[in-house]
Every structure is written in C-alpha cells, then in structure tokens.
Amino acid sequence: MTAEFTLLARDGAARRGRLVTAHGAIETPAFMPVGTAATVKAMRPEEVAATGAQIILANTYHLMLRPGAERIGRLGGLHRFMDWPGPILTDSGGFQVMSLAKLREIDERGVVFRSHLDGTRYELSPERSIEIQRLLDADITMVLDECTPFPATPEAARTSMELSLLWAERSKRAFQTRPGYALFGIVQGSVYGELRRRSAARLCEIGFDGYAVGGLAVGEGQETMFRVLDETVPALPAEHPRYLMGVGKPGDLLGAVMRGIDMFDCVLPTRSGRTAQAFTRGGTVNLRNARHQDDPRPLDAECQCPACTRFSRAYLHHLARSGEILGAMLLTQHNLRFYGDLMATMRAAIAQGRLAATAAALLERETAGDIPAL
Ligand SMILES: [Zn+2]
C-alpha cells in the first residue's frame, strides 16, 4: 500500500484525480512550485499554500550538498526542517548532476562528480539517491535517471534510455514501500516515439506508483513536446498518476493536461517573479516596462493575490525598477497564484466535461494580450 490515486472524472484524455500521500491529498491536475534549497524562494510556506499549491518539489542534488541529507534526516526530515506540512516530491538529483556538477563520470554504477559549490567529490547511485530521498522524507521519490541531452541521435538516446531503465530497476529494489509514500519511474527516449514506448513498457513491467515523462522542455519546442506526449501517454497505465517534468508555460500545461498529464513542476513562475515578469490572463507582462509607471490599475483585475488586491501596476513597476525585495516577493506570490488558479480552473472544467472549450477561451485571451491603460 503506497500513495493511493483515484480517478474522479475524465474529459477526453484529460483526468481529474486525487493522490493521497502521507502528508495529505493532492487534487490533480496539479502544479508543484519548486523549492530548490528547501525554500520556495522569497515565499513563506503559508504564502505558498495560499496560492493553491498542495505539493512542492525539492532538489536532492542541492540538499545533499548543503546542508546534507543526513543532517536534514536528524532534524526530523524536510517537512519539519522547512515547516511545510504538506506533500513533498523530491527529484533524484540526476538532472542537476548532469547540468551543474563538475568533472562527472557516469557509468552503470552511477555518477561520480564534484560539487559546483566547493569541489567536494560525491557519488550518486540509484541506491544512494533513494536513500537520500528517504532521509528527506519525500512523499514522492523519483528514480535516478539520465536526462538525455537534446538533441540526441537515435543511438545516443537509446543508450541513455537503457541506462535509465537499469537504474530504474535498481531504484525500485532499493525503495522501501510504506503507506502514503510513492516511487515514480521516468520515461526517457528523447523525441523518438519507439524509444518512448519501449521505456514506458519496461517501466510498467518493473511497476511504479506513478510515471513521469522526463527529457522534455529541453529545447525541442511545444509542437514536438505535444507529439512526444501523444506517442507516450497512451502507453502509461490509466490507474497511476502521470507527471510531466520541468513544464512549463500556461499553454504547455493546458495542452499537456488535454493529453492526459496529471502533475507538473517548473521554475518559471518563481524565477519570473524575481525578474519582474508576471503571468496574467492577458499574457505575460514585464513590470519593468515604462508603460506601467503611471498605471493605477491592478496587475490582473481577476486575481485575488495581495499584489493584485492591494497594489497598483505603478507601485509594482516602482519596486521592480528599484530592485526592492518586496517586488520579487509579491510577483512570485502572484505568479504562483496564477498557476494555482489555472490548475483549479482546469480541474473544474474536466469535472464538468468542458476542458476543450475552457482551454480555447483561456488561450484566446492570452493571445489577445495585455490591455494598455487608457
Ligand atoms: Zn495576482
């Protein structure tokens, strides 16, 4: 008995579901804010929860380097350490090892690398990644995989995908089954449908509590990403949650939910919030732009977040131009609220069987763009 997933409604390929973990339930489709170093940057935990987020993602690579998984374990686990009582998903560390660490050596046993912080040598194997995620007390643990670089030849993509399958088997053996705790496998195979289907079939044989689609949103473009989802998602078992890793923009989320994806994570809303980029119902708004300097209107009149209910565009523009910390805090909160509202809108639309019409209307407003002040 692990984390239980229940399908509540379907609308075409889209699903409305509920995943019950040791630290609470997640209503799906769900977006997971990224809390890289045991903090969603610029946000208190209660502010994150107020945006509608039900689960956050934390990064194994960053936490194993600093402050260390054993230390967090001794301090009672990640929920207690960062005072986030809800569900937490941790990645395996693989993606950051490949993208951040220095002097990597990779073979079947795992990865040996040097920390990007101080050059200390570390080893990350499938077994060690699972152990770290257990020390962190992650509700959802991810298998160690190799995120295939893009672009990759079919041969390189196959070799990488086969290595990830070996590691997935070892991750499954190392994972201790406990009530409310889940282990997710990760489908790889780059942009090649045949490789994706083989990866999905083998992961299903091994048997996981959920299935992630990895190696997308790496530069292939939305059209290719949607095509890969069309070729991959039908190969995943309907009774388990599906997680599209590292995605994405609002339009990506709409299209992926319509293709049967249940969970997402992305740094976009939080990172954009720190660079004065805001997501609104009328598309992306750059608050550094001078057109906002005399604008008394809210950033998004339909948003109930503090940035929109208490402050004007002119004030948010002033904070952004002055480099004030409050600007990053307010815009991060707004962007997460926008993503939270988008997911809630999709969940309601699926339950009512009108997701396609809802998505078309949202995309039409986004395309129409932000309406300038008179
Ligand atoms: Zn807002």
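Before reading further, recall that the structure is shown in the block above.
Note that the structure is predicted; figures quoted are calculated from it, not measured.

Caption draft 1: Inspection of the coordination of the zinc ion at higher detail. Those donors, Cys303 (SG), Cys305 (SG), Cys308 (SG) and His334 (ND1), are the protein atoms that reach the zinc ion, and they lie 2.1 to 2.3 Å from it. Around the zinc ion sit four donor atoms, and with donor-metal-donor angles ranging over 97 to 115 degrees the site reads as tetrahedral. Read in sequence order, the donor residues for the zinc ion give the motif C-x1-C-x2-C-x25-H. For Cys308, a relative accessible area of 7% puts it in the buried group.

Caption draft 2: How the structure looks around the sheet that holds strand 11 (residues 182-187). Taken together, eight strands build an open sheet; the order of strands is 4-14-13-12-11-10-6-5 and the sheet is parallel. Since the sheet does not close on itself, it has two edges, and those belong to strand 4 (30-32) and strand 5 (56-58), each with one partner. Averaged over all adjacent pairs, the angle separating strand axes in this sheet is 25 degrees, with direction ignored. Two elements, strand 10 (residues 140-142) and strand 11, share three bridges in a ladder whose sense is parallel. Residue pairing for strand 11: Ile140 is matched across the bridge by Ala182.

Caption draft 3: Region of the structure containing empty space enclosed by the protein. Inspection of the entire model under this criterion finds two cavities of 30 Å³ or more. The volume enclosed by the largest cavity comes to roughly 70 Å³. Ala30, Phe31, Pro33, Thr51, Gly52, Ala53, Gln54, Leu336, Tyr339, Gly340, Met343 and Arg347 together form the lining of the largest cavity. Elements that contribute at least two residues to the lining of the largest cavity include exactly strand 4 and helix 14 (325-351). Take the lining of the largest cavity: its biggest share by element is five residues, from helix 14.

Caption draft 4: Broad picture of the layout of surface pockets. By volume, the largest pocket amounts to about 900 Å³. Contributing to the lining of the largest pocket are 45 residues, with Phe95, Gly246, Asp265, Cys266 and Val267 lying nearest its centre. Among the elements of the structure, helix 5 (94-99), helix 9 (222-232) and helix 11 (268-273) are those that each provide at least two residues to the lining of the largest pocket. The element contributing the most residues to the lining of the largest pocket is helix 5, with four residues. Looking at the lining of the largest pocket, its residues break down into 18 nonpolar, 18 polar and nine charged. The space that makes up the second largest pocket amounts to roughly 300 Å³. Taken together, 15 residues form the lining of the second largest pocket, with Gly282, Arg313, Arg365, Asp370 and Ile371 sitting closest to its centre. Here the residues of the lining of the second largest pocket sort into five nonpolar, three polar and seven charged.

Caption draft 5: View of helix 15 (residues 355-368). With 14 residues, helix 15 should reach 20 Å at 1.5 Å per residue; the first-to-last C-alpha distance of 20 Å fits that figure. Where helix 15 is buried, its residues meet strand 1 (4-11), strand 2 (14-21), helix 10 (250-257) and helix 14. Just downstream of helix 15 lies Gly369, where phi reads positive at about 90 degrees.

Caption draft 6: Just the environment of Thr36, in detail. Structurally, Thr36 can be placed in the loop between strand 4 and helix 1 (45-50). Its relative accessible area of 15% is what places Thr36 among the buried residues. Between the C-alpha atom of Thr36 and that of Asp91, which follows or precedes it by 55 residues, the distance is 9.8 Å. When residues no more than four places from it in sequence are discounted, the contact partners of Thr36 are Leu57, Ala58, Asn59, His62 and Leu63. A distance of 3.2 Å separates the side chain of Thr36 from the side chain of Asn59, its partner in a polar contact.

Calculation criteria
- Residues numbered from 1 in each chain as written.
- Predicted model: local features only at pLDDT ≥ 70, side-chain atom pairs only at ≥ 80, totals over all residues.
- Heavy atoms only, no water.
- Donors = N, O, S within 2.8 Å, 3.2 Å for Na, K, Ca; no water.
- Tetrahedral: all angles 85-135°; square planar, octahedral: opposite > 155°, others 65-115°.
- Buried < 20%, exposed > 50% of the residue type's maximum accessible area, 1.4 Å probe, protein only.
- Pairing = 2+ DSSP bridges.
- Helix = DSSP H or I, 4+ residues; strand = E, 2+ residues; numbered from the N terminus.
- Axes fitted to C-alpha atoms, helices over the stretch in contact; angles between N-to-C directions.
- 1 Å grid on protein atoms, 1.4 Å probe; cavity = no way out; pocket = protein on both sides within 12 Å on 5 of 7 lines; lining within 4 Å.
- Points joined across faces, edges and corners; volume = space filled by probe spheres on them.
- Nonpolar A, V, L, I, M, F, W, Y, C, P; charged D, E, K, R; others polar.
- Expected span 1.5 Å × (residues − 1).
- Contact = heavy atoms within 4.5 Å.
- Polar contact = N/O pair within 3.5 Å; in protein donor to acceptor, adjacent residues only side chain to side chain.

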